[in-house]
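Given next are the chains, with one letter for each unit.
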Amino acid sequence: MSEVFYYAEANVACTFILGLILLKINQGIDRQASTILIRRMIYILIAYFLSDAVWALFEGGIFPSNHTLMYIVTIIPYACILGSSYCWFVYCELLQQNRNVLYSPGMVKRSVPMVIAIILLFVGAFTGLVFNFDEEGAIEYDALYGIFMLVPIGYLVYSSIKGFYKAYTQDRYMDHSLYFVIGIFPILPLACGVLQVIYLTTPIMCYGATLSVLMVYLTSMENLISMDSLTQVNNRHQMQRYLLRKMKTQTPGLSLYLMIIDVDHFKEINDNYGHIEGDKALIRVATAMKEACQAHRNRFFVSRYGGDEFIIIAETEYKGEVNWLSDKIRSSVKQLNDKAGAPYDLTVCVGIAEYDFSSPVPIPSLIARADTDLYHMKHARA
């Protein structure tokens, strides 16, 4: 009897933790689709925990029940598992810039497995093909249970694989930890789910799911703090963290360069066309930098240093590649500005400094070298 109450209490405690996370999310100003989805997933998980607690009380004989009632209280938690796994899948797709999941064709195609599983759950449960109950009321899993569980497991495993892949290929350093957590996220609930099936009345699943959500929330908050909100690239703090790590050990066969990019006559743009137009110019420059770095994004780190200055940390085999990147950025800036039909010319200057591993210098000294090269370029173009 005490095991049943402990199981229900554990689910209620996890509900309270998720409720606190949900409260913090609702108090925030972020209204992106990904945030809305993670919020929906938490709502569904809360519904799962509460319905699972109710199921435990019925299963333990605390509340009187019959077969029909037991089917209903068993179906609801499984439906919540389906819904939360689908929300997680869509959330991961959005983080990877797959906006098609929000529109009808993409949404319908990706929700087909979930719809089939829900039909299977409701029809199969009452026919005894998914799960059944013996004469003593204990749950028994039947022929279609394994097929039914493949759907939420499939959503989670697919998202996990893509998360790990993105963790090692994403160009923005600040996203690496988030994608790594996305890769780990399904592992905890899946492992806990297996243990939950073995130890049916031990509260394992709720702890694993809550810990996973907490990890994602904390990592998302850390990344939000480390991102430049205007240009959507790494901020100065993240650049320093990344550069310190790269300065410690040289990557075999690659040299380390710091490139500082400065927008020409940026004050004039602000003064003549307003700060909103100035912000648009900075966004174009950041976009041009990201596009130029796309070919070798795992070796180029893009960040905003402050004001109208950006920094790229580049690892290349030879300096000619850095010079090529510099030219590519300048041409991309011009193309994007022309495409936008801006009423002003938008150009940038680039200063380059190579880090000498045999004669280490602090970050400010390396930036000062790139700044000097930047000054020479501006002077030559004056």
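Please read all numbers here as calculations on a predicted model, not as lab measurements.

### Details of the overall build of the chain
So, point 1. Scanning the chain from N- to C-terminus turns up 13 helices and 6 strands.
So, point 2. Radius of gyration (C-alpha) of the chain: 27 Å, far over the 21 Å computed for a compact globule of 382 residues.
So, point 3. The principal-axis extent of the C-alpha atoms belonging to the chain is close to 90 × 45 × 35 Å.
So, point 4. Taking all 382 residues of the chain together, 50% fall into the buried category.
So, point 5. Sequence-distant contacts, at least 24 apart, represent 70% of the contacts inside the chain between residues at least 6 apart.

### A word on the pattern of salt bridges
So, point 1. What the rule picks out here adds up to 7 salt bridges.
So, point 2. Taking the shortest distance from any N to any O, the salt bridge between D228 and R304 comes out at 3.3 Å. Residue D228 is found in the loop between helix 8 (205-225) and helix 9 (236-248), and its partner R304 is found in strand 4 (residues 300-306); the two are separated by 76 residues along the sequence. One exposure class covers both D228 and R304, and it is buried.
So, point 3. A salt bridge links D338 to K334; the nearest nitrogen and oxygen atoms lie 2.9 Å apart. Pair noted here: D338 and K334 are both in helix 12 (residues 319-340), with a separation of 4 residues, about one helical turn.
So, point 4. We classify D338 as partly exposed; its relative accessible area is 49%.

### Quick word on the nonpolar core
So, point 1. Residues W88 and F131 are the most contacted members of the largest nonpolar core, which totals 66 residues.
So, point 2. Put simply, the parts of the chain that give this core at least two residues each are helix 1 (2-27), helix 2 (33-59), helix 3 (67-95), helix 4 (104-126), strand 1 (131-133), helix 5 (145-167), helix 6 (173-184) and helix 8.
So, point 3. Not counting the four nearest positions on each side in its chain, W88 is found in contact with I38, M41, L156, S159, I182, F185, P186 and V216.
So, point 4. Counting 30 residues, the second-largest nonpolar core is a separate cluster that includes A288, V302, V348 and I352.

### Quick notes on the state of the cysteines
By definition, a disulfide links the sulfur atoms of two cysteine residues through a covalent bond.
So, point 1. Under the counting rule described, the total for this entry stands at 0 disulfides.
So, point 2. Its sulfur unpaired, C80 is 11 Å from the next cysteine sulfur, which belongs to C87.
So, point 3. A relative accessible area of 10% means that C80 is categorised as buried.

### What to know about the packing of aromatic side chains
So, point 1. Considering all chains together, one arrives at 13 aromatic pairs under this definition.
So, point 2. The interplanar angle of 45° and the centroid separation of 5.2 Å between the aromatic rings of Y273 and Y344 together place this pair among those described as tilted. Taken together, the positions of Y273 in helix 10 (residues 266-273) and Y344 in the loop between helix 12 and strand 6 (348-354) put the pair 71 residues apart, joining distant regions of the chain.
So, point 3. Taken together, the ring pairs connect Y86, F89, Y155 and Y158 into an aromatic cluster.

### Considerations on helix 7 (residues 187-198)
So, point 1. Along its 12 residues, helix 7 runs 17 Å from first to last C-alpha, staying within 8% of the 16 Å computed at 1.5 Å per residue.
So, point 2. Along helix 7, the residues classified as buried are P189, C192, G193 and Q196. Along the axis of helix 7, the buried positions cluster into a sector of 110°, meaning they face one direction only. Exposed side chains of helix 7 directed beyond 90 degrees from the buried face belong to V194 and I198.

### Concerning the packing of helix 11 (residues 275-292) against helix 12
So, point 1. Two elements in contact, helix 11 and helix 12, have axes separated by 8 Å at closest approach and are oriented at 135°. As the angle between them shows, helix 11 and helix 12 are arranged oblique. Along this stretch, helix 11 crosses helix 12, giving a crossing that reads as right-handed. Residues R284, V285, T287, A288, M289, E291 and A292 of helix 11 lie in contact with helix 12, whose contacting residues are W324, L325, K328, I329, S332, V333, L336, N337 and A340.
So, point 2. Of the residues that constitute the contact of helix 11 with helix 12, the class distribution is 10 nonpolar, 3 polar and 3 charged.

### Quick word on the confidence of the model for the chain
So, point 1. When the pLDDT values of the chain are averaged, the result is 84; 90% of them are 70 or greater.
So, point 2. Within the chain, helix 6 has the poorest average pLDDT of any element, 69, and strand 3 (residues 255-263) the best, 95.

### Digging into the sheet that holds strand 4
So, point 1. Pairing is antiparallel in the open sheet, where 4 strands are placed in the order 4-5-3-6. One side of each edge strand has no neighbouring strand; the edge strands of this open sheet are strand 4 and strand 6. Going across the sheet, the axis of each strand differs from the next one's by a mean of 20°, ignoring polarity.
So, point 2. Here strand 3 runs beside strand 5 (residues 309-316); their pairing, made up of 8 bridges, is antiparallel. Its bridge partner being in strand 5, I260 is matched across the sheet by I311.
So, point 3. Contacting strand 3, strand 4, strand 5 and strand 6, helix 11 crosses the sheet at an angle of about 5° to strand 5.

Scoring rules and cut-offs
- Residues numbered from 1 in each chain as written.
- Predicted model: local features only at pLDDT ≥ 70, side-chain atom pairs only at ≥ 80, totals over all residues.
- Heavy atoms only, no water.
- Helix = DSSP H or I, 4+ residues; strand = E, 2+ residues; numbered from the N terminus.
- Rg over C-alpha atoms; globule rule 2.2 N^0.38 Å.
- Buried < 20%, exposed > 50% of the residue type's maximum accessible area, 1.4 Å probe, protein only.
- Contact = heavy atoms within 4.5 Å.
- Salt bridge = Lys/Arg side-chain N within 4 Å of Asp/Glu carboxyl O.
- Core = buried A, V, L, I, M, F, W, Y, C linked by side-chain atoms within 4.5 Å.
- Disulfide = S-S within 2.5 Å.
- Phe/Tyr/Trp six-rings, centres within 6.5 Å; stacked < 30°, edge-to-face > 60°.
- Expected span 1.5 Å × (residues − 1).
- Arc of directions from axis to C-beta.
- Axes fitted to C-alpha atoms, helices over the stretch in contact; angles between N-to-C directions.
- Parallel < 35°, antiparallel > 145°, perpendicular 65-115°, else oblique.
- Left-handed = near helix turned anticlockwise from the far one by under 90°.
- Nonpolar A, V, L, I, M, F, W, Y, C, P; charged D, E, K, R; others polar.
- pLDDT = per-residue confidence, 0-100.
- Pairing = 2+ DSSP bridges.

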